[in-house]
Amino acid sequence: MTWQGKRDVRVETVPDPKIQEPTDAIIRITSTGLCGSDLHLYEVLTPFMTPGDILGHEPIGIVEEVGAGVPDLQVGDRVVVPFQIACGNCWMCLTGLPTQCDTTQVHTHGMGAPLFGYTRLYGSVPGAQAEYLRVPQAQYGPIKVPEGPSDDRFVYLSDVLPTAWQAVAYADVPQGGSIAVLGLGPIGDMACRVAQVRGAGRVFGVDLVPERLRRARARGVETFDLRSFDDEKELVAAIRDVTDGRGPDAVIDAVGTEAHGSAAARMVQNAATVLPRKLSGPLAERFSVDRLAALYTAIDLVRRGGTISLSGIYGGTADPLPLLTLFDKQIQLRMGQANVRRWSDDIIPYLTDEDPLGVEDFATHRVPLSQAPHAYEMFQNKQDGAVKVLMQP
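Naming follows an unreviewed UniProt entry, where the chain appears as Formaldehyde dehydrogenase, glutathione-independent of Streptomyces viridochromogenes. Its UniProt record gives the chain the following Sequence similarities (unreviewed entry) comment, quoted word for word: "Belongs to the zinc-containing alcohol dehydrogenase family." Of the chain, the UniProt comment under Cofactor (unreviewed entry) reads exactly: "Zn(2+)".

Below is the structure:
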């Protein structure tokens, strides 16, 4: 699956990847996910893309070849590949921050660890919506999983599960406390489930897509439909009414840069996507802004002394933030790309036959890779109840 331009993705034949370094492995992909952050590339982060970039970062598959520097993998192993590329041995990795890996950081752009299938800011590494994937730093990244259960049991270890798990961990909800999740796409939906199994007393979910609200409600989440309120102030008041007037202990913003609302910011984003590439890239790097409606709502909603956890991707460099309110309410704010290997060992015990997180039926759509362009369009436009799409090469 290759990126060719704004809302223009195509399945093309490209050369098979090959071992380039002793620490590489080649994986034959059996299932691969379509992520909400892929839609950012489809829509607003186009200034940082190059036609022909291979997309995707949520794969499970079988090891086909390993380099001499990969002692713990063998041909035939079944593995999930985390979306970031890290060495596992540097100070950052050993501290539990592989997203900030000292060895692999994209220093040319001042960014953290490279990501599969993402923009040049994160290394333009060929991605996982493909038949085969070259995996750098394979001595650390791939997570071996057992044969037998379906791909659905484990594929979300690549991104969805650790991203949701980190979002809840960063939210620091007290046992029996309350948490609101803004946005019930794949990450928000799974964050609600993780919050429940980690002991939250009340979990509130906010969205405006009927299918997403139904899914969360069916699992015991107290849902709020944005369409039922005239504005965000009414929504905030409604949730405060059921939390003793204070607001929830924590809020997860699982929406990110493409929030509904924020019309002016949307206009700026759209303008950047139609400028010539020589202009749009530098402009976006220095003056980009996000649609901050979800974050502003989170700041208003969380109780005083509470925590906001950002799992939705933000990419703005010139965003206005209400620092007076953040300071006055004594809000704690945590964010960042999920540190997959930091959390994977904590998550695996939940991937049992009992399936407490509901991974086996988490996907709403399964399509062959040849239909990936349609899947992008369907997911972007929230058609046909699409919440999570898996593709099979």
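Taking strand neighbours across the sheet as the criterion, the 6 strands line up as β11-β10-β9-β12-β13-β14 in an open arrangement whose pairing is parallel. The outermost strands of the open sheet, each flanked by one partner alone, are β11 (222-225) and β14 (332-335). Put simply, the sheet's adjacent strands are angled 20° from each other on average, direction ignored. Strand direction decides the pairing type here: strand β13 (residues 307-310) and β14, joined by 4 bridges, are parallel. Residue Ile-308 lies in a different strand from β14, and its bridge partner there is Leu-333. Contacts between helix α6 (residues 210-218) and the sheet are confined to β10 (202-207) and β11, with β11 contributing the most and set at about 165° to the helix.

Helix packing geometry: the angle between the two helix axes and the distance between the axes. Direction vectors running N to C along helix α4 (residues 160-171) and helix α12 (residues 340-347) enclose 90°, while the axes themselves pass 9 Å from each other. By the angle between their axes, α4 is roughly perpendicular relative to α12. Here Leu-161, Pro-162, Trp-165, Gln-166, Ala-169 and Tyr-170 of α4 lie close against α12, whose contacting residues are Val-340, Trp-343, Asp-346 and Ile-347. Partitioning the contact of α4 with α12 into residue classes produces 8 nonpolar, 1 polar and 1 charged.

Turning our attention to the UniProt feature "domain: Alcohol dehydrogenase-like N-terminal" (unreviewed entry) in the chain. Under the local residue numbering, the UniProt record ascribes the feature "domain: Alcohol dehydrogenase-like N-terminal" (unreviewed entry) to residues 22-143. Secondary structure within residues 22-143 divides into 10% helix and 23% strand; the distance between the first and last C-alpha atoms comes to 18 Å.

On to the packing of aromatic side chains. Applying the stated criterion across every chain, the model contains 5 aromatic pairs. Ring centres 6.4 Å apart and planes at 65° place the aromatic pair Tyr-118 and Tyr-122 in the edge-to-face group. Of the residues examined, Tyr-122 reaches a relative accessible area of 17% and is grouped as buried. Directly above the aromatic system of Tyr-170 lies the positively charged group of Arg-334, at a separation of 3.7 Å from the ring centroid. Across the ring face of Trp-343, the terminal group of Arg-342 is positioned such that the distance to the ring centre comes to 4.0 Å.

In this section: the domain arrangement of the chain. Considered domain by domain, the chain is made up of domain 1 (2-159 + 339-391) and domain 2 (163-335). Each side of the interface is counted separately: domain 1 has 36 residues, and domain 2 has 33 residues. Here domain 1 packs against domain 2, burying approximately 2,900 Å² in sum over the two surfaces, 60% of which is carbon and sulfur. Inspection of the domain 1/domain 2 interface yields 7 residue pairs in polar contact (both at pLDDT 80 or more).

Moving on, we come to helix α10 (residues 293-301). Residues lying three or four places apart along an α-helix face the same way, a consequence of the helix completing one turn every 3.6 residues. The element α10 is largely enclosed, with a buried count of 7 among its 9 residues. The complete set of buried residues in α10 reads Ala-293, Ala-294, Leu-295, Thr-297, Ala-298, Ile-299 and Leu-301. Looking at the buried residues of α10, the elements they touch are β9 (178-182), α7 (232-241), β12 (250-253), β13 and α11 (323-328).

Let us now look at the packing of helix α1 (residues 36-43) against helix α13 (residues 372-380). Their axes nearest at 10 Å, the elements α1 and α13 cross at an angle of 95°. Our classification of the angle between α1 and α13 gives roughly perpendicular. Judged by residue contacts, Gly-36, Asp-38, Leu-39, Tyr-42 and Glu-43 of α1 engage Tyr-376, Glu-377, Phe-379 and Gln-380 from α13.

Turning to the layout of surface pockets, a few remarks are in order. What the second largest pocket holds in volume is close to 470 Å³. Looking at the second largest pocket, it is lined by 23 residues, and the ones nearest its centre are Val-14, Pro-15, Ile-54, Ala-130 and Tyr-132. In terms of residue count, the dominant contributor to the lining of the second largest pocket is strand β7 (residues 132-135) (3 residues). Each residue belonging to the lining of the second largest pocket can be placed in one class, and the counts come to 13 nonpolar, 5 polar and 5 charged.

Let us look at the state of the cysteines. A complete count under the given rule lists 0 disulfides for this structure. Note on Cys-35: no disulfide assigned, nearest cysteine sulfur contributed by Cys-192 at a separation of 17 Å. We classify Cys-35 as buried; its relative accessible area is 7%. Left unpaired, Cys-90 is separated from the closest cysteine sulfur, that of Cys-93, by 3.6 Å.

Calculation criteria
- Residues numbered from 1 in each chain as written.
- Predicted model: local features only at pLDDT ≥ 70, side-chain atom pairs only at ≥ 80, totals over all residues.
- Heavy atoms only, no water.
- UniProt positions renumbered as here; feature names shortened; annotations may be inferred.
- Pairing = 2+ DSSP bridges.
- Helix = DSSP H or I, 4+ residues; strand = E, 2+ residues; numbered from the N terminus.
- Axes fitted to C-alpha atoms, helices over the stretch in contact; angles between N-to-C directions.
- Contact = heavy atoms within 4.5 Å.
- Parallel < 35°, antiparallel > 145°, perpendicular 65-115°, else oblique.
- Nonpolar A, V, L, I, M, F, W, Y, C, P; charged D, E, K, R; others polar.
- Phe/Tyr/Trp six-rings, centres within 6.5 Å; stacked < 30°, edge-to-face > 60°.
- Buried < 20%, exposed > 50% of the residue type's maximum accessible area, 1.4 Å probe, protein only.
- Lys NZ or Arg CZ within 6 Å of the ring centre and 35° of its normal.
- Domains from an automatic or database assignment.
- Buried area = accessible area lost by both parts, 1.4 Å probe.
- Polar contact = N/O pair within 3.5 Å; in protein donor to acceptor, adjacent residues only side chain to side chain.
- 1 Å grid on protein atoms, 1.4 Å probe; cavity = no way out; pocket = protein on both sides within 12 Å on 5 of 7 lines; lining within 4 Å.
- Points joined across faces, edges and corners; volume = space filled by probe spheres on them.
- Disulfide = S-S within 2.5 Å.

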